[in-house]
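Topology and contacts: notes
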Amino acid sequence: MPFPPILAALLALLGSSQASAQASGVLAGAAAQLPSAGIPSQAGKRSLLGVDPALLKLIKLPPGFKIRTYTDDFVDARNLAIGNRGSSKPVVVYVSTTGDKVHALVDRTGTGKATACTLLSGLDNPNGIAYDGSTRSLYVAEVRRITRWDNVDAAALAGCKASLLKSRQIAGPTVLPEQASHANRFLGLGPDGKLYVTVAAPFNVDVCRDPYCSIHRLNKNGTGHEIFARGIRNAAAWTWHPGTKALVFVGMERDNMGPGNTYLNAPDDLLHSLEKPGIDLRWPYCHWVGKGYPVRRDPGPGTAVADPDVTRPGLTAQRCAGGVNGDAGGVAPWLQRAQ
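Quick look at the structure, then.

Rules and cut-offs
Residues numbered from 1 in each chain as written. Predicted model: local features only at pLDDT ≥ 70, side-chain atom pairs only at ≥ 80, totals over all residues. Heavy atoms only, no water. Helix = DSSP H or I, 4+ residues; strand = E, 2+ residues; numbered from the N terminus. Buried < 20%, exposed > 50% of the residue type's maximum accessible area, 1.4 Å probe, protein only. Areas by Shrake-Rupley, 256 points an atom, 1.4 Å probe, with all protein chains shown as cover. Disulfide = S-S within 2.5 Å. Pairing = 2+ DSSP bridges. Axes fitted to C-alpha atoms, helices over the stretch in contact; angles between N-to-C directions. Core = buried A, V, L, I, M, F, W, Y, C linked by side-chain atoms within 4.5 Å. Salt bridge = Lys/Arg side-chain N within 4 Å of Asp/Glu carboxyl O. Contact = heavy atoms within 4.5 Å. Polar contact = N/O pair within 3.5 Å; in protein donor to acceptor, adjacent residues only side chain to side chain.

**Quick word on the overall build of the protein**
Within the protein, the secondary structure is distributed over 4 helices and 21 strands. When the 339 residues of the protein are sorted by exposure, 47% land in the buried category. For the protein, the computed accessible surface area is about 15700 Å², with 53% contributed by carbon and sulfur atoms.

Structure below.
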């Protein structure tokens, strides 16, 4: 489900000495014809001026962080990526959606107040975005393709001027299969210079077969495609441990496993690390006991691991975590222990 605009694209993390590192991680196809681009009139048409500060107070932050409104323009946001790397200002933040658009937020003065324009339109659920500072390119993952868009910073700074953009598809339906459910492709650019993309379970619970229930990896030019990890129902977001470079992801677990076929108390969502390729977490069998079809099994035994840096409720059932990031400046204790 899309995150509410107020709680997603409109917020900026400020305050601690590691805020920029934190933000850089967080903010960090079938059709024959490429989608249209550069529609500055779409974003910002609806205004959320006068956002109630009480809403921001509902968001619990780590120590040393503050939160405030980043833009008053209406942006239906899902994932964020910081662009215009190597420049202190203007700041460009790219915003994905689960609709058909990718927006750009531009803070021209570096004061933390941005205006929005629509950079890309006509896409198919462009949930995944990854910015490559080495080429100043934006990779966009739709349901059935990944596209590299070049010259995005210049286009964004020109008010999302479509004529400045260049694009080429690097992956299509042979990499990204049909997806009846959980079609939001998370996309990340790893420390190895490769792209990582989600291919989640196309159902609530069933027996998984390739290419589903997995994280895929490929080179930035589309070559070298492989399944990096299997047995994962829905890897919704990830980051990389700044020391070990392990991929640390949050995963969404199945519905309707609680008493009376409810979904509020079982099973827990996941926070997990992957230190190397080829790991199989064996979903759906890893979580349940008994024999037979997975949907009829009972929750298996589990032991909660106490963590003084995590206050309950943490990743309990149906938390639906949509983002994860490590504090590269100090390495948060929970991420140090994520191995």
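**Considerations on the state of the cysteines**
Tallied over the entire structure, the rule returns 2 disulfides. Residue Cys-117 pairs covalently with Cys-160 via a disulfide, S to S 2.0 Å. Looking along the S-S bond of the Cys-117-Cys-160 disulfide, the torsion reads about 70 degrees, which is the right-handed sense. Of this pair, Cys-117 sits in strand 7 (residues 115-120) while Cys-160 sits in the loop between helix 3 (152-157) and strand 11 (166-171), and the two are 43 residues apart along the sequence. Across the pair, exposure class does not vary: Cys-117 and Cys-160 are buried alike. With cysteine numbering restricted to those in disulfides and following the sequence, the protein has the pairing 1-2, 3-4.

**Some points on the sheet that holds strand 9 (residues 137-141)**
The sheet built from 4 strands is open, its strands ordered 8-9-10-11 with antiparallel pairing. Each edge of the open sheet is held by one strand with a lone partner, namely strand 8 (128-132) and strand 11. Recorded for the sheet is a direction-independent mean angle of 20 degrees between the axes of neighbouring strands. Pairing of strand 9 with strand 10 (residues 146-150), which is carried by 4 bridges, proceeds in the antiparallel orientation. Paired with Tyr-139 across the bridge in strand 10 is Arg-148.

**Details of the nonpolar core**
Generally speaking, soluble globular proteins have nonpolar side chains that are buried together. In this structure, Tyr-94, Leu-119, Leu-120, Leu-138, Val-140 and Val-152 are the most contacted members of the largest nonpolar core, which totals 20 residues. For this core, the elements supplying multiple residues, two or more each, are strand 5 (91-95), strand 6 (102-107), strand 7, strand 8, strand 9 and helix 3. Ala-229, Ile-232, Leu-270 and Leu-281 belong to the second-largest nonpolar core, a separate cluster that totals 18 residues.

**Things to note about the pattern of salt bridges**
On inspection of all chains with the given rule, the structure shows 9 salt bridges. Across the pair Asp-192 and Arg-217 runs a salt bridge whose closest N-O atoms are separated by 3.2 Å. Linking Asp-192 in the loop between strand 12 (187-189) and strand 13 (195-199) with Arg-217 in strand 14 (residues 214-218), this pair joins segments that are 25 residues apart in sequence. Put simply, Glu-226 and Arg-217 hold a salt bridge, and the shortest N to O gap is 2.6 Å. By relative accessible area, Glu-226 is classed as partly exposed at 31%. On the basis of relative accessible area, Arg-217 is assigned to the buried category, the value being 12%.

**Some details on the environment of Lys-245**
Mapping Lys-245 onto the fold places it in the loop between strand 16 (235-240) and strand 17 (247-251). Sequence separation between Lys-245 and Leu-274 is 29 residues; the distance between their C-alpha atoms is 9.2 Å. What Lys-245 contacts, discounting residues up to four positions off in sequence, is Pro-191 and Trp-240.

**Looking at the environment of Ser-96**
Assignment of secondary structure puts Ser-96 in the loop between strand 5 and strand 6. Through-space distance from the C-alpha of Ser-96 to that of Gly-128 is 6.7 Å; in sequence the pair is 32 residues apart. In contact with Ser-96, other than residues within four places in its own chain, are Asp-76, Ala-77, Arg-78, Asn-79, Lys-101, Pro-126, Asn-127 and Ile-129. A polar atom in the side chain of Ser-96 sits 2.7 Å from the backbone oxygen of Asn-127.

**As for the pairing of strand 17**
Burial analysis of strand 17 places 5 of its 5 residues in the buried class, which makes it a mostly covered element. Neither face of strand 17 is open: one carries Leu-247, Phe-249 and Gly-251, the other Val-248 and Val-250, and all of them are buried. Bridge count between strand 16 and strand 17: 5 bridges; the pairing is antiparallel. Residue pairing in the sheet places Trp-240 in a bridge with Leu-247 of strand 17. Following strand 16, the chain reverses through 6 residues before pairing antiparallel with strand 17; Lys-245 in that reversal takes a positive phi of roughly 70 degrees. Bridge count between strand 17 and strand 18 (residues 270-274): 5 bridges; the pairing is antiparallel. Looking across to strand 18, one finds that Val-248 is bridged to Ser-273.

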